[in-house]
Amino acid sequence: MAEEGSKWVVMVTGRSPTNIAVIKYWGKRDEGLILPINDSISLTLDPLHLSATTTVAVSPSFSRDRMWLNGKEIPLSGERYQKCLREIRKRANEVSDEKQGIKIKKEDWERLHVHISSYNNFPTAAGLASSAAGFACLVFTLAKLMNVKEDLGEISSIARQGSGSACRSLYGGFVKWAMGNNADGSDSLAIQLADETHWTDLVIIIAVVSSKQKETSSTSGMRETVQTSALINHRAETVVPARVLKMEEAIQNRDFASFAKLACTDSNQFHAVCLDTSPPIFYMNDTSHRIINLVEKWNHSEGTPQVAYTFDAGPNAVLISPNRKTAALLLQRLLFQFPPNQDTDLSSFVVGDKSILQDAGVTSMKDIETLEPPTECKDKVPYQRFTGDVSYFICTRVGSGPKVLTDETLALLDPITGLPK
Ligand code: DP6
């Protein structure tokens, strides 16, 4: 290794996606190791629209480990960060940076410090799971920097110790988190069921629902559920094991009808066990319930599922349609029922893959005003419109797993100082 006083900095930048569970993880059997009480299954979302980017740097001039999140320094003292750092450091190997003529020996990693800078390409305030992308990216990028040779499965079991759902973000496409049996958690890891090329027709629309309420964190919410709910055991021991098998089959066969039924039922059961918690936990609000009604009514009137919905620990709806045509029809319905406040511009109200807007025939705010009520409610009580109840929509798709970004201009740390740019 070059001398202590020398100024070299070696760094790596990575990008990791977020994921949305269609069979939910809710409840731990071991809080310290983050071991779940049931398997879960998720879709990885396109990192172009929802991801974390992280740069990790090492230098003999760093005096301690430091981290910046979205530009602000945050403490790294938390047990979850410490575990991820420790587990990756344990597996570090020799690294040589030929360009700079530096060799970092395996044993050097124990005393070298790192700087970490991470940012999310979606607003943290939106209440979208940012810890999954964040911990997946931290662990993935540190593993690259330290030349860790273990496979992605083992890397995912380290990310799991940062935040349970993070382990599923180590792969693209369709992913299962196998709960495992071992007391040390070594077999509680992510497994890719199918990659992002398997079922490319799916279109995902996320309704970011305005919420003033402070939500219960997933960590404390699931702890309270495990301690107080009588339903959670039935869910974990009987319902989920059977549902996971059916969901794997639905994904394998690209069977949207089964996929949608399982996803909606599982989301509803997750919220039911939250309600069965004492005191009860309410993650969904009136807008969430209205979105469920909209989808259920439409699905019922067509006789077969057009759209699947799923809600995590918050009011935002994640809606999955089988193809662009149905996604356009869905977007029309959503924009009809949840138009934006005045003075909002369309380009900030529908973000991500905006091409769905064209398919929906909506190219201006005027088009939203003149949308017709959906046919399934024509002869019913006139449909109410809830202006401003959805903050914005994100159109996206199933995407790929973590990647190293080789374009040095994307690095979040300065290559000379190792401090945020
Ligand atoms: C509702 O992974 O955020 O999103 O493991 O305590 O960090 P910790 O919890 P977290 O919980 C996610 C819960 C969920 C369902 C899911 O993603 O499976």
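Please refer to the structure placed before this passage.
This section reports on the structure supplied with the text. (Residues numbered from 1 in each chain as written. Predicted model: local features only at pLDDT ≥ 70, side-chain atom pairs only at ≥ 80, totals over all residues. Heavy atoms only, no water.)

1. Describing the site of the ligand
Now for step 1: Residues in contact with the ligand amount to 17 residues; listed here are only the nearest, Y25, K28, S163, S165 and R168.
Now for step 2: At 2.7 Å from an oxygen atom of the ligand is found a side-chain nitrogen or oxygen belonging to S165.
Now for step 3: Relative to its unbound accessible area of 460 Å², the ligand is 94% covered by the protein chains.
Now for step 4: The element contributing the most residues to the shell around the ligand is helix α4 (residues 218-228), with 3 residues.
Now for step 5: Among the residues making up the shell around the ligand, the classes are represented as 7 nonpolar, 5 polar and 5 charged.
Now for step 6: Counting residues domain by domain, the shell around the ligand receives three or more from each of domain 1 (10-199) and domain 2 (203-396). (Near = heavy atom within 4 Å. Polar contact = N/O pair within 3.5 Å; in protein donor to acceptor, adjacent residues only side chain to side chain. Areas by Shrake-Rupley, 256 points an atom, 1.4 Å probe, with all protein chains shown as cover. Helix = DSSP H or I, 4+ residues; strand = E, 2+ residues; numbered from the N terminus. Nonpolar A, V, L, I, M, F, W, Y, C, P; charged D, E, K, R; others polar. Domains from an automatic or database assignment.)

2. Description of helix α5 (residues 231-252)
Now for step 1: Over its 22 residues, α5 runs 30 Å from end to end, which matches the ideal 32 Å to within 8%, given 1.5 Å per residue.
Now for step 2: Of all bends in α5, the biggest is about 45°, found at V239, and the proline P241 comes one to four residues later.
Now for step 3: Residues I232, R235, A236, V239, V240, R243, V244, M247, A250 and I251 constitute the buried set of α5.
Now for step 4: Check the buried side of α5 and you find it contacts β2 (19-23), β5 (40-44), β12 (174-178), β13 (189-194), α4 and α6 (256-275).
Now for step 5: Directly beyond the C-terminal end of α5, a positive phi value near 45° is found at R254. (Expected span 1.5 Å × (residues − 1). Bend = angle between axes of the 7 residues up to and from the residue. Buried < 20%, exposed > 50% of the residue type's maximum accessible area, 1.4 Å probe, protein only. Contact = heavy atoms within 4.5 Å.)

3. Overview of the sheet that holds β13
Now for step 1: One open sheet holds the 4 strands; their spatial order is β2-β5-β12-β13, and the pairing between them is antiparallel. The outermost strands of the open sheet, each flanked by one partner alone, are β2 and β13. Each neighbouring strand pair of the sheet contributes to a mean axis angle of 35°, computed without reference to strand direction.
Now for step 2: Those strands touched by α5 are β2, β5, β12 and β13, and its axis lies near 115° from that of β2. (Pairing = 2+ DSSP bridges. Axes fitted to C-alpha atoms, helices over the stretch in contact; angles between N-to-C directions.)

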